[in-house]
Structures are given as structure tokens and as C-alpha cells.
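# Report on the structure
For reference, the chains in residue letters:
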Amino acid sequence: MALTHPNEALFTGEKPFPMIPVCEHFAGSEKLITKALGLQETLGPIFNITCDCEDGAAAGQEQEHAEMIVRILNSEANKFKMAGSRIHDYTHPHWKKDVDILVAGAGNILSYITIPKSTNAEQPKEMIAYIQKVAKENNINREIPIHVLIETHGALADVQNIAKLPWLQVLDFGLMDFVSGHHGAIPASAMRSPGQFDHKLLARAKSEVVAAAIANGVVPAHNVTLDLKNTETTFSDAKRARDEFGFMRMWSIYPTQITAIVDAMKPNFNEIQDGAEILILAQDADWGPIQFKGELHDRATYRYFWEILQAAKQTGQDIPKEADQRFFS
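Residues numbered from 1 in each chain as written. Predicted model: local features only at pLDDT ≥ 70, side-chain atom pairs only at ≥ 80, totals over all residues. Heavy atoms only, no water.

The next thing to look at is the side chain of Q310. By the secondary structure assignment, Q310 is in helix 14 (residues 299–314). Residue contacts for Q310: discarding those within four places in its chain leaves N7, M19 and F328. (Helix = DSSP H or I, 4+ residues; strand = E, 2+ residues; numbered from the N terminus. Contact = heavy atoms within 4.5 Å.)

The next thing to look at is the environment of Q132. Assignment of secondary structure puts Q132 in helix 5 (residues 122–137). Residue Q132 is classed as partly exposed on the basis of its relative accessible area of 26%. Contact partners of Q132, with chain neighbours within four places excluded, come to P166 and W167. (Buried < 20%, exposed > 50% of the residue type's maximum accessible area, 1.4 Å probe, protein only.)

The subject of this paragraph is the UniProt feature "binding site: Mg(2+)" (unreviewed entry) in the protein. Feature annotation in UniProt places "binding site: Mg(2+)" (unreviewed entry) on E151 and D177, given in this structure's numbering. In summary, the annotated positions, though distributed over 27 residues, converge in three dimensions, the widest C-alpha pair being only 5.6 Å. Turning to its location among the elements, E151 is positioned in the loop between strand 5 (146–150) and helix 6 (153–157). Not counting chain neighbours up to four residues away, the residues in contact with E151 comprise P116, K117, G174, D177 and F178. Within polar-contact distance, the side chain of E151 engages the backbone nitrogen of K117 at 2.7 Å. Along the chain, the position of D177 falls in helix 8 (residues 175–180). D177 sits in the partly exposed class, given a relative accessible area of 36%. Residue contacts for D177: discarding those within four places in its chain leaves K117 and E151. (UniProt positions renumbered as here; feature names shortened; annotations may be inferred. Polar contact = N/O pair within 3.5 Å; in protein donor to acceptor, adjacent residues only side chain to side chain.)

All right, on to the packing of aromatic side chains then. Applying the stated criterion across every chain, the model contains 9 aromatic pairs. Both rings, one in Y304 and one in F305, keep their centres 5.1 Å apart while their planes meet at 85 degrees; by these two values the pair is edge-to-face. Taken together, the ring pairs in this structure connect Y90, W95 and Y130 into an aromatic cluster. Over the ring of Y130 we find K96, and its NZ or CZ is 5.2 Å from the ring centre. Over the ring of F197 we find K206, and its NZ or CZ is 4.3 Å from the ring centre. (Phe/Tyr/Trp six-rings, centres within 6.5 Å; stacked < 30°, edge-to-face > 60°. Lys NZ or Arg CZ within 6 Å of the ring centre and 35° of its normal.)

Moving on: unusual backbone geometry. A cis amide bond, omega 5 degrees, links S193 with the succeeding residue P194. With respect to the helices and strands, the residue P194 is situated in the loop between helix 8 and helix 9 (195–198). For W167, which is not glycine, the phi dihedral falls at a positive 65 degrees. Along the polypeptide, W167 turns up in the loop between helix 7 (159–163) and strand 6 (168–173). For W167, a relative accessible area of 17% translates into the label buried.

With that settled, consider the sheet that holds strand 1 (residues 23–27). Reading around the circumference, 1-2-3-4-5-6-7-8 is the order of the 8 strands in this closed barrel, with parallel pairing throughout. With direction set aside, neighbouring strand axes in the sheet form an average angle of 30 degrees. Two strands pair when backbone bridges link them, and strand 2 (residues 48–52) and strand 3 (residues 83–86) are joined in this way by 4 bridges, in the parallel orientation. Its bridge partner lying in strand 3, I49 is registered against A83. On top of the sheet, helix 2 (residues 30–43) reaches strand 1 and strand 2; it is set at about 175 degrees to strand 2, its chief contact. (Pairing = 2+ DSSP bridges. Axes fitted to C-alpha atoms, helices over the stretch in contact; angles between N-to-C directions.)

This part takes up the UniProt feature "domain: HpcH/HpaI aldolase/citrate lyase" (unreviewed entry) in the protein. UniProt feature "domain: HpcH/HpaI aldolase/citrate lyase" (unreviewed entry): in the numbering of this structure it lies at residues 52–242. Between the end C-alpha atoms of residues 52–242 the distance is 25 Å, and the span holds 46% helix and 12% strand.

All right, on to the domain arrangement of the protein then. When its domains are assigned, the protein resolves into domain 1 (6–11 + 268–328) and domain 2 (23–265). For domain 1 versus domain 2, the separation of C-alpha centres amounts to 30 Å. (Domains from an automatic or database assignment.)

For the pair helix 2 and helix 12 (residues 255–265), interaxial distance at closest approach is 11 Å and the crossing angle is 40 degrees. Considering the angle they form, helix 2 stands oblique to helix 12. Relative to helix 12, helix 2 is oriented so that their crossing is right-handed. Along the contact surface, helix 2 presents K35, L39 and L43, while helix 12 presents P255, I258 and T259. (Parallel < 35°, antiparallel > 145°, perpendicular 65-115°, else oblique. Left-handed = near helix turned anticlockwise from the far one by under 90°.)

Here you go:
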């Protein structure tokens, strides 16, 4: 009897939850993008790289900057094809040109496009429709994953509608702009820990972003850590974001933050081991109920442990050999 793969057995008729790296590293210049791609080759495919048009391009150099990103993404340096790009916001005159250049030049390998500073759901809806139009015109026959930043009052108020948009893969929380938008009602100290987690307005905002994302099959991504060189701070922030708020991904803005984020968001070792055994037994039972260590397991727990194993693979953790061969070979 042929064994049925978990994706086929456990997600019939619905889209599996996106399984993407837990870290995305922002790089704005050609030098930093190239350095990040080299680091990706050294560490392995455990993080995405976001090539930044919004903050990376100098005024008046937007076209050249986007063209530089396309050139690098199409080069041998982009070994894993795990890089995306943040474009300019809806009010910026160059956002459509960003899309024209990126989609036409790298639409088949672009990991995602990130949309910043929306103030309601209609803005990213229009931008996504334009991305779809440009993709079709350029014979790009894949969905280009879309990430939308929630960093304004309007976006937070409309977060449920934003989370339902087509091609959406990630909702990002933008802490700095969100705090700045409160006109001093939230102190600057809340741009870092512990205030960013403890301040009631920020805890509410983060909780709403995560809830909207997960309810709509979208990955919630946490904001940056401002302390660039203290990896313990980055690790602690990522751990709190994951354990207390449910964020499943986090931004990096400095190379040493990458491994700290990945380590903090790795699945529990014991759950990986148990999950591997449970899924092997479940597959042998054609995904019917089983007993494991005196407990009943069925499709609900199988789905949970399958996502744990996929997350372990994404973060570079060792998976028991038999499970690795059955599910990932």
C-alpha cells in the first residue's frame, strides 16, 4: 500500500498554512544585499532576505535601485531564491514603477513583495491587483506572495479585511511607525523591551495582528529589535514575541540578529521527537486514530505535529532519520 503524504492526507480541500522561514533580514544597499546572500549561503536557507526599495533607495534613484535588486536576484549570488522586496508605499509616486521593474525582471523568483504604510484595506487591495495585472502581462503564472505592514491606526482598524486579501502570506507589525503615530501617548521607551510588550496599546495591537493573521491562514511577523549587537536582547524579544503573542516570524536588521531569532523561534526538541514518531505511526495507520504514550491522537494532533516538523526543517533542526526520509525526501 502506498503511503499518503501528510499534505495530501491532512489538508484535503484547503490551503496548508504557509511554511516559511521564521526570520527575514532587511538589506537596503547593493553591498548589504550581497553580504546577506553570502551569509545565507553560509548559514543555509534558514532566513529570507528583504531587498528594500522603500528605505534603501535614495530620492531620485528609485528606478536604478529597483533595477539593481533585479540584477542581484537573477545572479548566481541568489543561490536559494529566498529573497523578496519591500516596495514604496501607496502615496509614493514610484510604487507602480517598483512593481513594473521587480515583477517583469524577477517575478518568477521573487519570494514576496512587501507593502508598507497602508492606512486601510483598499490601498493594499489596489496594489495587489496591480501586481496581479503586471504578473499576467509578463506571463508570470505563479502567485507572488504578498506581505502587508500593519503600522498605522487605519491598517490596524482594518486588519481583518487586510488579512483576507488575495495572495497574502504575511502580516508584519511595524512598531516604530505605530508608536510615532500616537503623538507621544506611547513613550519612546516602548520602542524597545520591555515596553514594546508591556504597554497596553502595543500589546493590544500585536494581539490583534496575530489573531487576524492566523484566523486567515497568514503568518504574523514581529517587528525589529533596535539593539543591534546584543544577541541576548534579540533572542529575548523573539522568544517573548513567539511565546506570549504567537508571532511566527521576526525581522532582522543586523546580521548577528538572524541566528538569535531563528534559535528563539525553533520548535521544542521534545515535540520534534514525539511528532516524528506520531506521524510515522499515523501514516502507517493511513491517518486513522492511534495511541502514543497512552494518549489518543487523530488528525487534529497530526496537523499540529506536521507543522512542527516543517518548522523544524525550516530552522535547520535535525529531524529523526525515518521521518525525514518519509516526509521530506
